[in-house]
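Observations on the three-dimensional arrangement
Chain by chain, the residues:
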Amino acid sequence: MFNIDMNGNIRISRGDDSPNILLFINASGTRSKLIRHILGEQDKIYLGVYSPNSCFEHSEIKQIYTKDDLNEDGDLKICFKRKETKDMVPGLYYYQIKAKLNDEEVNGTIEEQFDNYAVTTIVEEHKFEIV
């Protein structure tokens, strides 16, 4: 069983695969103006599922996506595999999605270029329930 409600909260049966969830990455950051951000070569999207009273950096499920995970429309294809939830204790968790986007206007050494990534939360904390 898999369900994602209108608020973005996810409910999944422990040990199940989910269908693909399509994520539109909005470059404008507002709901009133939708501008699709297409991932570049160096861009990465991080999804984390973590326990209550924990944080994104201590996620129990960690996923990394790149431009290779986009569909033909430019939406990110996210899914959860059986192996990610099969050993987790049923209950309430939280998830967040963050993006590390390369600032292509910056030139310089490799070290300087690495510092020129913008990290932003693209999906705020939502409930992730394993049943």
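Keep in mind that this is a model prediction, so the values were computed, not measured. (Residues numbered from 1 in each chain as written. Predicted model: local features only at pLDDT ≥ 70, side-chain atom pairs only at ≥ 80, totals over all residues. Heavy atoms only, no water.)

Brief notes about the confidence of the model for the chain
Basically, it comes down to this: pLDDT gives the predictor's per-residue confidence on a scale running from 0 to 100. By definition, any uninterrupted DSSP run of H or I lasting at least four residues is a helix, any uninterrupted run of E lasting at least two residues is a strand, and each is numbered from the N terminus. Working rule for contacts: check all heavy atoms of both residues, and any pair within 4.5 Å makes them a contact.
Confidence in the prediction for the chain averages 87 pLDDT; 87% of positions are at 70 or higher. Taking the mean pLDDT of every element in the chain, the minimum, 47, falls on helix α2 (residues 110-114) and the maximum, 97, on strand β2 (residues 10-12). This stretch, residues 105-113, has a pLDDT under 50; its non-local contacts, to residues over four places away or in other chains, come to five contacts.

With respect to the pattern of salt bridges
Two side chains of opposite charge can pair, provided their charged atoms sit close to one another. Convention followed: Any Lys or Arg side-chain nitrogen found within 4 Å of a carboxyl oxygen on Asp or Glu counts as a salt bridge. Three exposure classes are used, based on accessible area relative to the maximum for each residue type with a 1.4 Å probe and protein chains only: buried under 20%, partly exposed in between, and exposed over 50%.
Overall, the coordinates contain four salt bridges when judged by the stated rule. Arg 11 is the partner of Glu 129 in a salt bridge, and the nearest nitrogen-oxygen pair spans 3.4 Å. Pair noted here: Glu 129 is in strand β8 (residues 117-130) and Arg 11 is in strand β2, with a separation of 118 residues, a long-range link. Judged by relative accessible area, which is 30%, Glu 129 ranks as partly exposed. For Asp 75, the salt bridge goes to Arg 36, with nearest N and O atoms at 2.4 Å. A residue pair is termed long-range when its members are at least 10 positions apart, and Asp 75 in the loop between β5 (61-65) and β6 (76-78) and Arg 36 in the loop between β3 (21-23) and β4 (44-50) qualify at 39 residues.

Re the packing of aromatic side chains
The way to describe two aromatic rings as a pair is by their centre distance and the angle between their planes. To be explicit about the condition: Two rings from Phe, Tyr or Trp (for Trp, the six-membered ring) form a pair when their centres are within 6.5 Å of each other. A pair whose planes differ by under 30 degrees is stacked, one over 60 is edge-to-face, and the rest are tilted. Both a distance and an angle decide whether a charge sits over a ring: NZ of Lys or CZ of Arg must be within 6 Å of the ring centre and within 35 degrees of the ring normal.
Counted under the stated rule, the structure contains two aromatic pairs. Ring plane angle 75° and centroid distance 6.4 Å describe the contact between Tyr 95 and Phe 128, whose orientation is recorded as edge-to-face. Of this pair, Tyr 95 sits in strand β7 (residues 91-102) while Phe 128 sits in strand β8, and the two are 33 residues apart along the sequence. Judged by relative accessible area, which is 0%, Phe 128 ranks as buried. Pairwise contacts between aromatic rings join Phe 80, Tyr 95 and Phe 128 into one cluster. The ring of Phe 56 carries Lys 98 above its face, with NZ or CZ at 5.3 Å from the centroid.

Concerning the nonpolar core
Nonpolar side chains in soluble globular proteins tend to be buried together. Put simply, the rule reads: The set of buried Ala, Val, Leu, Ile, Met, Phe, Trp, Tyr and Cys residues whose side-chain atoms join them within 4.5 Å is what this entry labels a nonpolar core.
Within the largest apolar cluster, 25 residues are counted, with the highest numbers of intra-cluster contacts made by Ile 45, Val 49, Leu 76, Ile 78, Phe 80, Ile 97 and Phe 128. If you list the elements that add at least two residues to this core, you get β2, β3, β4, β5, β6, β7 and β8. Residue contributions to this core peak at five residues, all from β7. Look past the residues within four positions of Ile 45 in its chain and what remains in contact with it is Ile 25, Leu 39, Gln 63, Ile 64, Tyr 65, Leu 76, Ile 97, Lys 98, Ala 99 and Ile 122.

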